[in-house]
Every structure is written in structure tokens, then in C-alpha cells.
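The lines below spell out each chain.
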Amino acid sequence: MKISELSPECRISQLSPEHRPPPPHAALLTDLNRVVSNVEALDASDSSSLEKLGADLRCLLTNLASAASSSSSGLNGAFRLKVWNLAFRLWNACVDRANHNFPARAPEAAVAETEIRQAAPELLLIAGLPEGVPNATAKAASLFHRTGLVWLDLGRADLASACFEKATPLVCAADTEEDRDILLDLNLARARAASSQGKHALAVALLSRSKPLAAASSEGVKALAEAYFLLGKAAFATKSPDPAIDASTLLTEALDLCEKAAASPCCDTPTTPRSTPATPKLQVIKDKCLRFLAAERLEANDYEGTLHCTRVSRASPGLGKEHSSIAFMALRACLSSGKLVDAERELGRLMANEEAPEFLCASAAELYLASAGLDAALKVLVALAARCRASAAAAAVRVLKTVVQGAGGGAGRARAIAELVSDERVVALFNGPANTHERDTMHALLWTCGSEHFHANNCEIGADLIERSMLYVSRDEESRSRRAKCFRVLCLCHMALRHLDRAQEFITEAEKVEPNIHCAFLKFKILLHKKEDDEAIKLMKTMVGYVDFNPHFLTLSIHEAIVCKSFRVAVASLTFLLGLYSAGKPLPMSEATVLRNLIALLLREPGSETEILKYSRRAKLRMDELGVETFLGKGTVGLRELNWFAVSSWNMALKVVKEKKYDYSSEFFELAAEFFSSGNGEDDANLLLICKSLIMSVSCMLQAEELNKSPLSDSDLKKGIEMLRRAGKLLPLSLPSAPVTSDQLENNLPFLHTFNFYQLLNRLDTSAHPQQLQLVKSFAASKACTPGHLLILGDMASEGTQPNLQVAEFLLKVSISTALASHLPNYGVISAALRKLVCLSGLQDFSGSMSDAAYDVFQQAYQIVVGLRDGEYPFEEGRWLAITAWNKSYLPGRLGQHSVAKKWMKMGLDLARHFDRMKLYIPGMEECFEKFQKLSGKEPDECSQQDGEPSTSMSGTGSMSQPVLV
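Residues numbered from 1 in each chain as written. Predicted model: local features only at pLDDT ≥ 70, side-chain atom pairs only at ≥ 80, totals over all residues. Heavy atoms only, no water.

Caption draft 1: Region of the structure containing the overall build of the chain. Tallying secondary structure elements over the chain gives 44 helices and 0 strands in all. A sequence separation of at least 24 residues applies to 66% of the contacts in the chain between residues at least 6 apart. For the chain, the computed accessible surface area is about 47700 Å², with 54% contributed by carbon and sulfur atoms. (Helix = DSSP H or I, 4+ residues; strand = E, 2+ residues; numbered from the N terminus. Contact = heavy atoms within 4.5 Å. Areas by Shrake-Rupley, 256 points an atom, 1.4 Å probe, with all protein chains shown as cover.)

Shown next as C-alpha cells:
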């Protein structure tokens, strides 16, 4: 509103200036006039000076208010009139600036302009009411009202409320119709400001307070109805927790006011349905109220209330065609109340509405199909395609997405979806380059659905859906990768269904579209399932030639071969993978892991000792070349790998030992020793395993020599000696300090070491005899030595092509003394040692003359036998001793050495008397011995003759005959 003049009666006197008295506070008027002039002269596009002008006005308002309060009689009428005049000039300048069409201003500039605008009513309020200005209070209140509305448009409800609150006291008396109209506008504006601040209760109170003011005119009722509608709309949007603020109540109140306004005499009878010249705005408000009331009832789950609102809206006269939201809300209410037939009718009504936006039609179709199900999908899609010409594909995607996601996971529903999306009319919706995005979305939707079925092991359904998804993949160059991917997944689906030929067809197509390593790997899998191992091995070797080759695929090939139990393919793949390490290519598995897996696979195959030995040697060689940590790994990982190779070699050695493949067992034991020695040398258990492996390796070497009937080569002999020397150094460190039972391998290790070492030394010339003696003496001094071990060693020393009689005699004597020194002497070992010692003494004195060494052995045997219980000493060995001693008298007797013969006969007789089971022999032996004594007394003893005087005859006239015991 622009003010042109105040009043014709109130003009400034036309008196000349010299007769005019100077007004009080002239300086204020001058400053105010200057500022107003600056505002009037301000360029419409200049916003830089606004803040300064606003600050000047605030300062003048403060000074003016101070002057008004300090003056005893207040401001005089002329001063007030001048201030009012300047205030209206200021207001008109602001109105002119606001009406000027210049580019959009910054928010800060708009705020500054509104502050300048508000200075005009503030000046009127401070100056007071001048005499002669008609409706001065209404004019001031109107300026505050209009300034507050500007503040509301700027979103400053607090400043707007301040303006309205300043204006309300000016017209609250409502003495005139103009005052009542302005007061109504102020109440409605205050309600609007309170609503925007969230003070809905205050807004309701202000609207209730406005009802008497609005009743005077239909326009006031319309304005109040619109205010109630806006407040109800805000309450519906904000969901106020206050139960007194009910959107339904407010909207109903707005409807009642609309009905009241329509019934007023000023409203003429409608001349056309839904449109009259008298009530266009009123009908618009009524239609909006009905729509929002329907929405409020729908949200409150009052579906019948919603349908009632839609029926009332359709039955009442309005403005043109039905709003599209009416049919949409009716559709939702019908669906929620289970009225599918009515819902279908509402959907058709919505699609027939040309003004309904396409997205709303698509949303309605989604809602309907979510309830109606898959059976109605095709019909709805066709109708939607006819309705949504501009975005048919996008709408179809939305609807199909709802259908697919709401169909559930059943097989029948999935097949129905597949039939729906493959219908020619549906596919045709996505033709054309403009629908590329929608086509990709459709493909992704079906792909996801098919993948879910595939992962749920519904491979047949998954394959069907993925195959149908290819209908939405174009055949251009950009889609090659996607088509190839579809073929590969279809291959996987049919492989899972064991349709291997069909799977091979799909992977062949994929390779035509996009040949890569993925296709090669899937072909490899198919060959494995077909048990075509030779073809699978050939294909595996060609994988390296692909551009996108990744060594991970070789690892996957190995796993697939193991899963399919194609161990030959798995071994070939691992062997091929080993060849890549030599080329220096980066590989997913370490070389040690490959070798471990390869050996583990070969362990499953019988007769694969040669290959296992080959790769075990390679592991040892690579470990020596690269170092333990580089080859096997650091920390516990490397130790675990090393331990696996060591234990594997040890177990393999034991296995082939049982099969009597001593050549292999010797090699495996040697490898086990090398692996064990590469670990923690401080560990006693590790040292013990090294000793075992070394000693067992030499043992198997000797067994192989005996089995193959081929002597050891010089290199093998030297290697065996070196291994045993190494084991001999470790034995004292590895064996426990406490003695252990004889059935433990640890206790037998020193014996095996000595036994094998002696055998190897025995293959050298006689210069090794001192080493053999030193070796057995060291063993005899050890705690692991037993009489049985000594007996075995003594027996071995006394035999062979190069017997070492000195060592044999030492061992047998130590065996006897050690056995006798034990708590429970083993007389079996003692008797066997005595027999060997007797034989050994016979070898040392073969002349047949008196042998003190042999007699000493028999005398030692007699001393042992004396005092033993019957059966404690082996009878057969005792019988052999007695008979052997008796028979030793035969040759001296024949040679005329009667004293020697009697000595042996007496030894045999004495030994026989200590064995109860020889009682049958004793009488005959005694009788023979007595006869021999009688006869030998008549003849000279050859041994008593002078040295060098041999007997002249062997028998003579008194020759004696002596029986020999057998």
C-alpha cells in the first residue's frame, strides 16, 4: 500500500518561513528528513547502503523515543504531523523498491530492507496520533500488519509476531468496521506466525477469537476457513503430541466454515457444476480440506472415513476435473480394507485421469499389485504402458520390482515371474536407446533374484531367471562383458544340476563373446566332472597363455581336482605350478606349500615312493638355496612347515621299511635327519630324532645291501661312516640321563649305532681293528649297554671274513661279567657267551694241546654253575658244556697226554654232576674215568717226559680206549 496524502484538512500552513516559529526538536526532523531522502534516492539495485540506513533509522527512533518521553507536554501536533509525513514517505519509498523488478536479492539485503520498512510504523507509534488524521490507529496497525507479513515471508516468525503484537492494541477496541477488519487480519496473521513457530495451541485460540470478527462478512468466513485449513494442514504434517491439536478437528472446522460461507446470501446459486463466479476460492478451500481430511483419516487407518471423504468430494461441485490424489487415496483405502474389486476400479479411474502424474500412476500400480499379486501383473503392466507414454519403461521397472520382491521364494511364483518378464509386450517397453538405464535396472533385478535362488540351491529356477534376464541385455559392444557373465553363471547353474553338456554349451558361447581365464577355468571344471583327466591337464597348461591369467586360477584348479577326486590332475597341476617358481613369477602359494600339497597327494597313491622322494629332495635343496625362513616362512609358520616335511619323511621311511624297500627307507631317513637338523638344535627331542634318523638310515643301507646281494660302494660306505660319526656326537646330548627299559628305542640307539658302525668298519681292512676295539669299549662303558647287546656284538666280531678275535673275546667276557653283576642274571645270555667263548678259545689254540684259555672258560663256567638251582642254568647249554669238556679229553688221551685228558674228563664229570637231568650219564662217565685212571697210571705221561721227547707210539700195548659223549 502506498500512501499519497494524510488528509486534506491537515496541511502545513502556507505562512512564510519568517513568520513561522521553529518547531521543537528541529534537529531530529532534519536528520529524519535526510535519511528518508537517502532511502528515496537509493538506487533500486544498490543494496550496499541498506545496513547503514537501517542503523541510522534505529538511532533516530531511539532519539525520537527519548525526546517523546522527556518532554513534559509531549510532542506537539505539528511535530507529530511532520513525523507522520516522513514515515509515509519512508513507507512509499520501501514499497517502490519492493515493486521494482530487479534481480533476486541476498537474504541479508531483504532483511535490511524489511528493517527499514518496519521503521515507518515504528515512527507512527512513537509520534503518536496527530489531530485531524482519520483512522490513524487503523493506518498504523495496517502498516505493522503488512510489515509482519513481509517478515513471515522471510521466515522470521518471531519478528512478525512482534509486529502483530504491536499492532493489535491499536485496533483491539474494534470501534469501526475498518478496525474490525484489520483486527481479523492481525489475528489470522498471528495464528499463522504461531503455527510456524510450533505454537499450535495459541494459533487455535487466536482463530477461535476471530470467529465473531469473521461472522460479519462472507469474505471473513472464507479467510478464517483458509486459516483453519492451513493450521490443520500444519498439524497433520507435524503430528503435534497435544491431544487438543487435532488435524481432523481443525479440517472439519474449516469445512463447516466453508459450508457457512456458501450458505450466506452473498453467494449466488451455482450456474455450472463445480464452478461458479461467486465461490471459486471457497470451493478450492473446501476441496483441499476434503483431500487433507481423507489423507488424515487414511493415516489413522479409518478407511471408511477416507472413502466417505472421497465420495463427498466427488459429489460436491468443484473446480474442473477431480484431483488425482482422490483416486489414489481411495485406492489405498480399498486395498487396506480388502476391497480388491473397488481398488481395481479406482486404479482404472486414476489412469484415466489425464492430469494424474505418471509417477502417481506407477505408485498406484505398485500398491495394487502388492495386494493383488502376480496374476494381475500383466494386465496392469499393459495398462500402465499405455498410460505412461513418456516413462513407460521406468514405471514398468517400479511395478516389476514390487512384483518380484513381493512374490516370495516359491518355485511356482518364480516361474510366473519368468513368464511375465519374458512376455513380448513387456520386453517391448524397454526397447530403444532412451531406455538403457531402465533396461539395465531390469536386468539387475532379475539377476539378483536368480542369484538368490542359485545361492539357495534352487539352481533350476536361478538358471531360468538369469536366462530371462538376458532379454534385457543389448547385443552391442558395451554389453559383451555382461552377456559373457550371464553365460558363465548359466554354466555354473547347469553344472550344479549335473547337466554337463548344457553347461559346456553355455561356456562355449561365453568364450565366443569374451574369451578369458574364467571361461577356461569353467571348461576345466566341466572336464573334471566328466572324468576327462587328460583333456583337463592339457587345458590347465594352456591357462598361462590367457591375457588375464592369474596364478590363483591354478590354485583353484588344484582344489577342484581334489574335490573331484582327480588326484592325477591335481598332481599335474601342482607339478606345473612348481615350474612357474623357477620362472620367478609371483604366485599365490609359497613353493613350500605347493611341495607339501604335492607330497600329501602322492602319499595317497600306492607305489609313488620315487616321486615323493624326488619332491622331498627338491624341498631340501630349495631350503638350502633360499634359507629356512625365506623358503618355509618366519616364526611358528616356518617351524610348522619344517616339522611337516621332517615328519612326512620319517613316516614315509617307516612305511617303506615295512614293505622292505630299504633303498627308499635309507634315503627318507637321511632326509628326515636333514629336516630335523634344520630346526631348533637346542631341543633334546629334536636331537633324538636326528640320531634316530641317521642310525636308521645306515641300518636300512645295510639291509638293502644284504637284500640286494650287492656290496656298498665306497661313496655309500664313507657316507654311512660320516652319518654314524655325526650320530655318535649327538647321542650323549640326546639320550636322557636316567636309564630306561630295554624295549624302548632310545635305549637301543647306542647299540644300533655301535652295531652299524662296527659293520661298516668291518668292510675296511684290518687296520680298522683298533677302531673297532675302541668302539666296543666305548659302548661297553655306556649305561645303555646290556649283556645281550654285548653278546650280539661279540658273535658278530667272531664271524665274517675278517673276524676280530680280540674284540670278540673282550665283548664275550664283558657280557658274562655284566650279566653276573646284575640283580637277576640272565643265564641264557651267560651260557651263550660261554659257548661262544669256548669256540673262540678253540680258534685261538687249534693245535689240540693243553689250552689254558679254554680250560679257564670251563672253569669259569663251573664256578657259575655251582650253587644254582636245577633249571636256573639252561640245561642244553649245561649239557653242551659237560659233553664238550669230556670230549676234549679224547684227543689228549690219544696223544698220550694223560694228565690233560684226566683234567678234561674230570671237568666234564664235575659239570655233569650239577645238572640233575645228566644223572644217566654220570655212572658211565665215572666208570670210564676210573678205568682211565687205572690204565693211565701204568704208562708214562707224555706231558711228564722231557721236553723234546715225543711219544714213540700213540697206543702201545696198554693203550686205552675212551668213549666220546655225544
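Caption draft 2: Representation of the side chain of arginine 387 within the structure. If you trace the backbone, arginine 387 turns up in helix α16 (residues 377–387). Despite its burial, arginine 387 pairs with no opposite charge; the closest candidate is glutamate 358, at 4.8 Å N-O. A polar contact is formed between the side chain of arginine 387 and the backbone oxygen of alanine 356, at a distance of 2.5 Å. Not counting chain neighbours up to four residues away, the residues in contact with arginine 387 comprise Met351, Asn353, Glu354, Ala356, Glu358 and Cys361. (Buried < 20%, exposed > 50% of the residue type's maximum accessible area, 1.4 Å probe, protein only. Lys, Arg positive; Asp, Glu negative; His and termini not counted. Salt bridge = Lys/Arg side-chain N within 4 Å of Asp/Glu carboxyl O. Polar contact = N/O pair within 3.5 Å; in protein donor to acceptor, adjacent residues only side chain to side chain.)

Caption draft 3: Structural view of the pattern of salt bridges. For the structure shown, the criterion picks out 54 salt bridges. Taking the shortest distance from any N to any O, the salt bridge between glutamate 659 and lysine 655 comes out at 3.1 Å. One salt bridge in this structure joins aspartate 910 and lysine 906, with 3.1 Å as the shortest N-O distance. Remark: lysine 906 and aspartate 910 occur in helix α43 (residues 898–912); sequence separation between them is 4 residues, near one turn of the helix. Among the ionic contacts, a cluster of salt bridges with common partners joins Arg314, Glu322, Glu346 and Arg349.

Caption draft 4: A nonpolar patch on the surface, seen in detail. A surface patch of nonpolar side chains, about 240 Å² in accessible area, is lined by Tyr890, Leu891 and Leu895. Mapped onto the secondary structure, tyrosine 890 falls in helix α42 (residues 890–894). Residue tyrosine 890 is classed as partly exposed on the basis of its relative accessible area of 36%. (Patch = residues over 30% accessible without salt bridge, like charges linked within 9 Å, V, L, I, M, F, W, Y side chains within 5 Å.)

Caption draft 5: Expanded view of the nonpolar core. In this structure, Leu577 and Tyr873 are the most contacted members of the largest nonpolar core, which totals 140 residues. The leading source of residues in this core is helix α33 (residues 684–708), at 12 residues. Other than its neighbours up to four places away in sequence, tyrosine 873 contacts Tyr827, Ser831, Leu834, Ile864, Val865, Leu868, Gly878, Leu881 and Phe915. With 107 residues, the next largest nonpolar core counts Ala191, Ala235, Ala364 and Val427 among its residues. (Core = buried A, V, L, I, M, F, W, Y, C linked by side-chain atoms within 4.5 Å.)

Caption draft 6: View of a negative patch on the surface. On the surface, Glu177, Glu178, Asp181 and Asp185 cluster together into a negatively charged patch. Here aspartate 185 shows up in helix α7 (residues 177–196). (Charge placed at Lys NZ, Arg CZ, Asp CG, Glu CD.)

The values reported here are purely geometric and, on their own, carry no functional implication.
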